[in-house]
There are 2 protein chains.
Amino acid sequence: MKRILLLSIIVAIMTPIVSAQRGMFAPAAPSPSIARDGSVKFTVKAPGADTVRLIIDSRLDTLMQRQGNGEWSMTLRGLKPDLYMYYYRIDGVKVLDDENAQVANDVKNVMNKFILDPSGDCPMAVHDVPHGDVSAVWYDSPSLGMKRRMMVYTPAGYGESRQRYPVLYLLHGSGGDETVWTELGRAAQILDNLIASGNAQPMIVVMPNGNVDEPAVAGSGPDNNVQPTFAHKNWMEGTFEQSFNDIMTWVDTHYRTRDAKRYRAIAGLSMGGYHSLYISANQPDDFGYVGLFSPAISRMDKGKSKIYDDIEKKLVNQFKQRPKVYWMGIGKDDFLYKDNAEFRKTLDKHRLSYTYHESTRGHEWTNWREYLVIFAQLLFK
Amino acid sequence: MKRILLLSIIVAIMTPIVSAQRGMFAPAAPSPSIARDGSVKFTVKAPGADTVRLIIDSRLDTLMQRQGNGEWSMTLRGLKPDLYMYYYRIDGVKVLDDENAQVANDVKNVMNKFILDPSGDCPMAVHDVPHGDVSAVWYDSPSLGMKRRMMVYTPAGYGESRQRYPVLYLLHGSGGDETVWTELGRAAQILDNLIASGNAQPMIVVMPNGNVDEPAVAGSGPDNNVQPTFAHKNWMEGTFEQSFNDIMTWVDTHYRTRDAKRYRAIAGLSMGGYHSLYISANQPDDFGYVGLFSPAISRMDKGKSKIYDDIEKKLVNQFKQRPKVYWMGIGKDDFLYKDNAEFRKTLDKHRLSYTYHESTRGHEWTNWREYLVIFAQLLFK
């Protein structure tokens, strides 16, 4: 009875049906509008607004220009081909582009996205090449006592072949989860394109969830409505690194992998770079290729886990049978730049040989996508 | 040089870095706030606004109440456990909930979403049960001359077993694509829960893209920035139905299926119900189970394809070796109600026996999720 009464109240406050179907029959034109020369025009309708700003990639925050017709617009030129994220701020209120249904979530920020690929060769774009499959799979992690979700990319042709494939383990950063390397990192498109052009070997890419307190990305785990967060319980204290063999064992039993050091790579961004550094140093016989993308070196207290003890000794030992590629990339403006420079000094002191790539920009996805493009081409050759 | 100049202009209009990182370290509390009794409290900060409205499921449009602290709030009670989508309208402008990173796109409407599961038994929620995997795979469609993307659910245990499984082909409606049955239809969670409780048989669920002019959902196909649209080229004119064998052949060669009529089901919503009706009538030996969820019967011109010719004769023939379940569901308020009643008259005229389920509400996801819950329990028994 109480329930019926409450339902009645809801019905009472209902107003006539809202048409949320705006644009349903509209032509499927891209928004924003991208010209052949690569210029990108943003347009938003806000007749009564005092100010409308465009925020793109969380870095460029620019005032849009009022047009005569109640619209505001802004054209950007010279952007490099890549994935971009943006939103508007109308009189201070964050507003998404209602003409663009493509959105992505970066930590807890929902933004619109688009691909800029004016010359048709951006490695982050979908091209007319054979596509690999991407699966959300649940694996057993006995050491964490739970089933956990991860994404697995299998290259085009995997399903039809009897071949065995090398594996790249690709780890996310703080605030990320098992979905970010495909959603924001464009891992599937990058691998599809590099493999199709012969610039990368066909490989399996395994993208686990590095937050050991959650079985899956916020919303796909048992706590249905939990929100993404930057810092987790059991955060960078060794548990993930110690449980990593669960992932490798599961992958080697469920996929046709080549189970040997020279066919196994590990790479990660930020926290995932930190994970990659320590996992590979603690398991010197497992990874022939190591990629540290803006790694969060020295960000956390040491001494929390034996995983982090004696790292110099472990690195020296690891390099006795040196990984074929030990690759580091960082942007000049990255807040982790100094820590990375210190780490390089440590490697240099012991004459451990590595590849160093310094880019512009800071701690951001445009760098990590670029690093994956470079690193993937070095693997398994 | 020109490029450098243009880049300089961009840099010149740059303002100091925006902190898009708001809430990154905030506790991962759900938004909206859901109490144990199932009441749902929405809160939005908009100190300067004149009106703030909450629009939920595109049906309930209600004025929120101004609080003393610049916040507006609204508490809803008596909602049934389900997935909900909502957004705000602040002085007329559509605004997403900045505290909720979970969003979904329905046709071209991006909204926030949450799961309401106060008693922990909503079949649309993630529960602590074994989870099946969901893969985005690219299959070959020789009759359409392209590789196309579809989603495939394999039940928990599939990877470890040698067993063969029955298959449900689950089709989307107009404006949908291969992702909507998992994103909005909660097909994976519904099947996980029903299989775990013993109420449904373990089965493979294949969710193809029914828009034959696109290889994949807007943004995952070669036209990277194309927007979703309601009506497509080659829309409900027989091409999809005629190409359906490509999907079945691919699935039967790539998965451990039970390749026989009594182990094969087809169901779909709206346009997908129309597809299911005609595919099963034209292939009477293939489907032991047929589900028409608010099917878009008689919405399109007939005579466009031999697929649509002589449907009464085909149905009579199909029912000579009657599908074990021929199931129809529709809401009392559905704009297709009358067309469906006409279709039932046709079935009755020929004494073709079917199961009819009439629900409240209209042409909407809450019905289609409910129909899947009912239909999945009838299959392969």
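What this report covers is the structure whose coordinates are included nearby. Predicted model, so just to flag it, every value in this text is computed and none were measured.

1. Things to note about the overall build of chain A
Looking only at helices and strands, chain A features nine helices and 18 strands. Against the globule reference of 21 Å for 381 residues, chain A gives a C-alpha radius of gyration of 23 Å, in line with a compact fold. For chain A, the C-alpha atoms occupy an extent of roughly 70 × 60 × 45 Å along the three principal directions. By the burial criterion, 48% of the 381 residues in chain A qualify as buried. In chain A, the proportion of contacts linking residues at least 24 apart, taken out of those at least 6 apart, comes to 72%.

2. Description of the sheet that holds strand β2 (residues 40-45) of chain B
All names here are of chain B. Taking strand neighbours across the sheet as the criterion, the four strands line up as β1-β2-β6-β5 in an open arrangement whose pairing is antiparallel. Either end of the sheet is taken by a strand with one partner, and the two such strands are β1 (33-34) and β5 (65-66). As paired strands, β1 and β2 are joined by two bridges and run antiparallel to one another. Residue pairing across strands places I34 opposite V40, the latter belonging to β2.

3. Here's the deal with the sheet that holds strand β5 (residues 65-66) of chain A
Residue and element names in this part refer to chain A. One open sheet accounts for four strands, arranged β1-β2-β6-β5; its pairing is antiparallel. Each edge of the sheet is formed by a strand with only one pairing partner; in this case those strands are β1 (33-34) and β5. In terms of strand pairing, β5 meets strand β6 (residues 71-76) through two bridges, oriented antiparallel. By the bridge assignment, Q65 is partnered in β6 with S73.

4. A look at the packing of helix α3 (residues 187-196) of chain A against helix α9 (residues 365-376) of chain A
All names here are of chain A. Packing of α3 against α9 leaves a shortest axis separation of 10 Å and a crossing angle of 35°. The chirality of how α3 crosses α9 is right-handed. Residue-level inspection shows A187, I190, L191 and L194 of α3 in contact with α9, the latter providing R369, L372, V373 and A376. Class assignment for the residues of the contact of α3 with α9 results in seven nonpolar, no polar and one charged.

5. Some words on unusual backbone geometry
Unlike most non-glycine residues, S294(A) shows phi in positive territory, near 45°. Considering the arrangement of structural elements, one finds S294(A) in the loop between β16 (289-293) and α7 (311-320).

6. Concerning the nonpolar core
If you look at the biggest cluster of nonpolar residues, it comprises 206 residues, and the most contacted ones within it are V206(A) and V206(B). Among all residues touching V206(B), those that are not within four sequence positions of it are M150(B), V152(B), V167(B), Y169(B), L170(B), I247(B) and V251(B).

The rules behind these values
- All residue numbers here refer to positions counted from 1 along the written sequence of the relevant chain.
- The naming scheme follows written order: chains are lettered A onward, ligands numbered 1 onward.
- Totals for whole chains, interfaces and linings use every residue, but because this is a predicted model, local features are given only for residues with pLDDT of at least 70 and side-chain atom pairs only at 80 or more, for both listing and counting.
- Starting at the N terminus, helices and strands are each numbered in turn, a helix being any DSSP run of H or I of at least four residues and a strand any DSSP run of E of at least two.
- Each radius of gyration reported is based on C-alpha atoms, and the globular scaling rule is 2.2 Å times the count of residues to the power 0.38.
- Remark: C-beta atoms are placed from the backbone, and a residue is labelled buried if 20 or more other C-beta atoms sit within 10 Å of its own, exposed if 12 or fewer do, or partly exposed between those counts.
- Each residue is represented by a C-beta atom placed from its backbone, and any two residues with such atoms within 7 Å are regarded as in contact.
- Any two strands between which DSSP finds at least two bridges are classified as paired.
- Note on geometry: axes are C-alpha line fits, over the in-contact stretch for helices, and angles between N-to-C directions span 0 to 180 degrees.
- By convention, the crossing between two helices is left-handed when the near helix turns anticlockwise from the far helix through less than a right angle, and right-handed when the turn is clockwise.
- Just so you know the grouping, Ala, Val, Leu, Ile, Met, Phe, Trp, Tyr, Cys and Pro go in nonpolar, Asp, Glu, Lys and Arg go in charged, and all remaining residues, Gly too, go in polar.
- Note on terminology: a nonpolar core is any set of buried Ala, Val, Leu, Ile, Met, Phe, Trp, Tyr and Cys residues joined through C-beta atoms within 7 Å.

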